[in-house]
There are 2 protein chains.
Amino acid sequence: MHKYEQVVRGIKQGIDSGEYPAGDLLPPAQKLCERYDVSKITIKRALDQMELEGLITRRKGSGAYVKTPVPAQKGLDKEVSADMLGFYAQQTELGKTVRTDVVDFDVASPPKSVAQSLTMENDEFAYYICRVRIADGTPWTIEYTYMPIKLFPDLRRHDAEVSLFSYINERTDYTIASSHRTIRAVKPTPEECRLLDVADDEPLLEIEQIVYFDDGRPFQYTRQRHAHGAEFVSVGLK
Amino acid sequence: MHKYEQVVRGIKQGIDSGEYPAGDLLPPAQKLCERYDVSKITIKRALDQMELEGLITRRKGSGAYVKTPVPAQKGLDKEVSADMLGFYAQQTELGKTVRTDVVDFDVASPPKSVAQSLTMENDEFAYYICRVRIADGTPWTIEYTYMPIKLFPDLRRHDAEVSLFSYINERTDYTIASSHRTIRAVKPTPEECRLLDVADDEPLLEIEQIVYFDDGRPFQYTRQRHAHGAEFVSVGLK
DNA sequence: AAGTGGTCTAGACCACTTC
DNA sequence: AAGTGGTCTAGACCACTTC
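Computed from a predicted model, the values in this text were never measured in an experiment. (Residues numbered from 1 in each chain as written. Chains lettered and ligands numbered in written order. Predicted model: local features only at pLDDT ≥ 70, side-chain atom pairs only at ≥ 80, totals over all residues. Heavy atoms only, no water.)

1. Some remarks on the interface of chain B and chain A
Here's step 1: Facing 51 residues of chain B, the contacting portion of chain A comprises 51 residues.
Here's step 2: For the chain B and chain A pair, buried surface summed over both sides reaches about 4,300 Å², with 54% attributable to carbon and sulfur atoms.
Here's step 3: It is T68, H180 and D214 of chain B in chain B that bury the most area against chain A; as a group they hold 12% of the surface buried on that side.
Here's step 4: R184 of chain A is the partner of E231 of chain B in a salt bridge, and the nearest nitrogen-oxygen pair spans 2.9 Å.
Here's step 5: When residues of the side of chain B that touches chain A are traced back to their parent elements, those giving at least two are β1 (56-59), α5 (112-117), β7 (176-186), β8 (204-213) and β10 (231-237) of chain B.
Here's step 6: Per-element accounting of the side of chain B that touches chain A gives the leading share, 10 residues, to β7 of chain B.
Here's step 7: The pairing of strand β10 (residues 231-237) of chain A with β7 of chain B spans six bridges and is classified as antiparallel. Within the sheet, the bridge partner assigned to G236 of chain A lies in β7 of chain B and is S179 of chain B. (Contact = heavy atoms within 4.5 Å. Buried area = accessible area lost by both parts, 1.4 Å probe. Salt bridge = Lys/Arg side-chain N within 4 Å of Asp/Glu carboxyl O. Helix = DSSP H or I, 4+ residues; strand = E, 2+ residues; numbered from the N terminus. Pairing = 2+ DSSP bridges.)

Written out as structure tokens, the structure reads:
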């Protein structure tokens, strides 16, 4: 654990315990340096992270203010996290029982736009996987995924039944690093109505996503469609 | 302009010009230090920002890779930006002709959940503003906004017709700093179908947003509903 | 005028990748 | 073993806020 992470933890505790109430200034950097026995830049590094997480804001010659917290998310169980967790990790973290139905597991030529997103040649093949994600008995999400076979020569249907992210983390040397997402509202197709058990006028939240390794290569194109009022949360800065 | 901003600009030019092709490593920090005549930490600061923007990824003992770019956003004009611009600034930036219809401009008691989000007392009043945003003749978005009158004693209908963000930036001493957003897919109400000129089965992208000053106080609650396939883009890290 | 955070430096130390 | 980026330090300098 790095020093700045310890500082983040300490200050978060201070906020939770009421030592630093919402709307108040945190102690000046100099005091925090003494308290945690670290240098000024380490304090800055810690506050940078807390600002990214939406917990504090900073004012130039003034200090760091504790933000008034967003009222408890009503549908926390419905939330689609903004960070890089797979569905499986996300839901089990919430204590849900998770099941995945693999509707399709094929090898195919991806659509041109997908091939382009994954920088694949014209005649290259990709796995095409369609899955329905079920948490606590309710189908929440349908997911259409393409992954180049070149990168994963030994992917099996079984891996898609558990978690593709676990497969990559545990069975390959690749490291998942980042993603680019586009989010929109869509109407379900008739087949989706059936698979997700929703009315044909229930809007779905679509998340189209390209996922990258830590060497900058895209390795996965995914289109998820979330039902039942799923929400995506995001902190905007500057 | 800070040094790290100049470095960001220089490296971005290198990517655009093809000097640093997608998939390649950037030069090691030491080389970049020499080239831009700055210290290692300033290079790190610049690369931090480029990583947040989704342009590069980094691998521990290895270096910073140029990411394969996301294929040109098809609907850039439809995009709902992830940073803190008002509708007006966002659309005029794209060269659009923008109009705003103020459907409602009232003072009212906000709903309890809104009052709570804005940390208002029970008996406090807020402006309630309903606006329809029209770009190039097409109604894109309907927006429901609450702002405590306490913070803006002199807000007028005219300010809502132009831009509330401009009003705050130019006519008050407050500084807009950050926002917390929740995004979901919704069905339009009959009135929204009429005002946005959409069919009753066209799904809308709803963005519920609380906007904060740089002292951490929330000052605005907004619910926007975007029609015509509006998209929200976001970069996910780690 | 005093207090504050942001930027920037040179350099130490470490963990990881690469060969 | 050599090269790489990440963390951390003490301290300089500046711009902004506060009084």
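On we go.
2. Looking at the protein's contact with DNA strand C
Here's step 1: Taken together, the neighbourhood of DNA strand C is formed by 23 residues, with K40 and K60 of chain A together with K3, S39 and T42 of chain B sitting nearest.
Here's step 2: Counting only atoms of DNA strand C within 4 Å of the protein, the fraction found in sugar and phosphate groups is 72%.
Here's step 3: K40 of chain A places a polar side-chain atom, nitrogen or oxygen, 2.4 Å from a base oxygen of DNA strand C.
Here's step 4: S39 of chain B places a polar main-chain atom, nitrogen or oxygen, 2.6 Å from a phosphate oxygen of DNA strand C.
Here's step 5: Listing elements by their share of the surface near DNA strand C, those giving two or more residues are α3 (40-52) of chain A together with α1 (3-17) and α3 (40-52) of chain B.
Here's step 6: A per-element tally of the surface near DNA strand C places α3 of chain B first, with four residues. (Near = heavy atom within 4 Å. Polar contact = N/O pair within 3.5 Å; in protein donor to acceptor, adjacent residues only side chain to side chain.)

3. With respect to α1 of chain B
All names here are of chain B.
Here's step 1: An ideal rise of 1.5 Å per residue puts 21 Å on 15 residues; α1 measures up with 21 Å between its terminal C-alpha atoms.
Here's step 2: If you check which residues of α1 are buried, you get Y4, V7, V8, G10, I11 and G14. Buried residues along α1 cover an arc of 165 degrees about the axis, so they all sit on one side. Exposed side chains of α1 directed beyond 90 degrees from the buried face belong to Q13, D16 and S17.
Here's step 3: Among the structural elements, α2 (29-36) and α3 are those in contact with the buried residues of α1.
Here's step 4: Immediately beyond the C-terminal end of α1, within one or two residues, lies G18, with a positive phi of roughly 90 degrees. (Expected span 1.5 Å × (residues − 1). Buried < 20%, exposed > 50% of the residue type's maximum accessible area, 1.4 Å probe, protein only. Arc of directions from axis to C-beta.)

4. A few points about the protein's contact with DNA strand D
Here's step 1: Near DNA strand D, the surroundings consist of 23 residues, among which K3, S39 and T42 of chain A together with K40 and K60 of chain B are the closest.
Here's step 2: Protein-adjacent atoms of DNA strand D, using a 4 Å cutoff, are sugar or phosphate at a proportion of 74%.
Here's step 3: In the model, a phosphate oxygen of DNA strand D is placed 2.4 Å from a nitrogen or oxygen of the T42 of chain A side chain.
Here's step 4: One of the backbone N or O atoms of K60 of chain B is found 2.8 Å from a sugar or linking oxygen in DNA strand D.
Here's step 5: Counting residues per element, the ones that place at least two in the surface near DNA strand D are α1 (3-17) and α3 of chain A together with α3 of chain B.
Here's step 6: Broken down by element, the surface near DNA strand D gets its largest block of residues, four residues, from α3 of chain A.
Here's step 7: Here the surface near DNA strand D is composed, by residue class, of six nonpolar, eight polar and nine charged. (Nonpolar A, V, L, I, M, F, W, Y, C, P; charged D, E, K, R; others polar.)

5. Here we look at the pattern of salt bridges
Pairing between side chains becomes possible if they bear opposite charge and their charged atoms approach one another.
Here's step 1: Enumeration according to the criterion identifies 44 salt bridges over all chains in this entry.
Here's step 2: Taking the shortest distance from any N to any O, the salt bridge between D214 of chain B and R59 of chain A comes out at 3.6 Å. Here D214 of chain B is found in the loop between β8 and β9 (218-226), whereas its partner R59 of chain A is found in strand β1 (residues 56-59) on a different chain.
Here's step 3: Looking at D214 of chain B, the relative accessible area reads 10%, which means it is buried.
Here's step 4: Residue R157 of chain A pairs with E161 of chain A through a salt bridge whose shortest N-O separation is 3.9 Å. Of this pair, R157 of chain A and E161 of chain A both sit in helix α6 (residues 157-162), four residues apart, which is roughly one turn of that helix.
Here's step 5: Owing to a relative accessible area of 38%, E161 of chain A belongs among the partly exposed residues under this scheme.

6. A closer look at the relation of the copies chain B and chain A
Here's step 1: When chain B is brought onto chain A, the operation consists of a screw motion whose angular component is 180 degrees and whose axial shift is 0.0 Å, with 0.0 Å RMSD remaining. Given the turn and translation reported, the copies of this chain are related as if by a two-fold rotation axis.
Here's step 2: A share of 100% of interface residues in chain B that are also interface residues in chain A marks the association as one of identical surfaces. (Least-squares fit on C-alpha atoms with pLDDT ≥ 70 in both.)

7. Re the packing of aromatic side chains
Here's step 1: What the rule picks out here adds up to 17 aromatic pairs over all chains.
Here's step 2: Plain terms: the ring middles of F152 of chain B and Y174 of chain B are 5.7 Å apart, the flat faces sit at 75 degrees to each other, and that makes the pair edge-to-face. With F152 of chain B in the loop between β6 (138-148) and α6 (157-162) and Y174 of chain B in the loop between α7 (164-171) and β7, the pair connects residues that are 22 residues apart, well separated along the chain.
Here's step 3: Of the residues examined, F152 of chain B reaches a relative accessible area of 1% and is grouped as buried.
Here's step 4: Between F213 of chain B and F219 of chain B the ring centres are 4.3 Å apart and the planes differ by 10 degrees, which places this aromatic pair in the stacked class.
Here's step 5: Pairwise contacts between aromatic rings join F152, Y167, Y174, F213 and F219 of chain B into one cluster.
Here's step 6: A cation over a ring is seen here: R45 of chain B above Y4 of chain B, with NZ or CZ 3.8 Å from the ring centre.
Here's step 7: The ring of Y212 of chain A is capped by K67 of chain B, whose NZ or CZ atom sits 4.6 Å from the centre of that ring. (Phe/Tyr/Trp six-rings, centres within 6.5 Å; stacked < 30°, edge-to-face > 60°. Lys NZ or Arg CZ within 6 Å of the ring centre and 35° of its normal.)

8. Overview of the domain arrangement of chain A
Here's step 1: Taken domain by domain, chain A consists of domain 1 (3-66) and domain 2 (77-226).
Here's step 2: Relative to domain 2 of chain A, the C-alpha centre of domain 1 of chain A lies at a distance of 37 Å. (Domains from an automatic or database assignment.)

9. Brief notes about the pairing of β1 of chain B
All names here are of chain B.
Here's step 1: Examined bridge by bridge, β1 and strand β2 (residues 63-66) share four bridges and lie antiparallel to one another. Counted as the bridge partner of R58 is A64 from β2.
Here's step 2: Adjacent in sequence and paired antiparallel, β1 and β2 are bridged by three residues.

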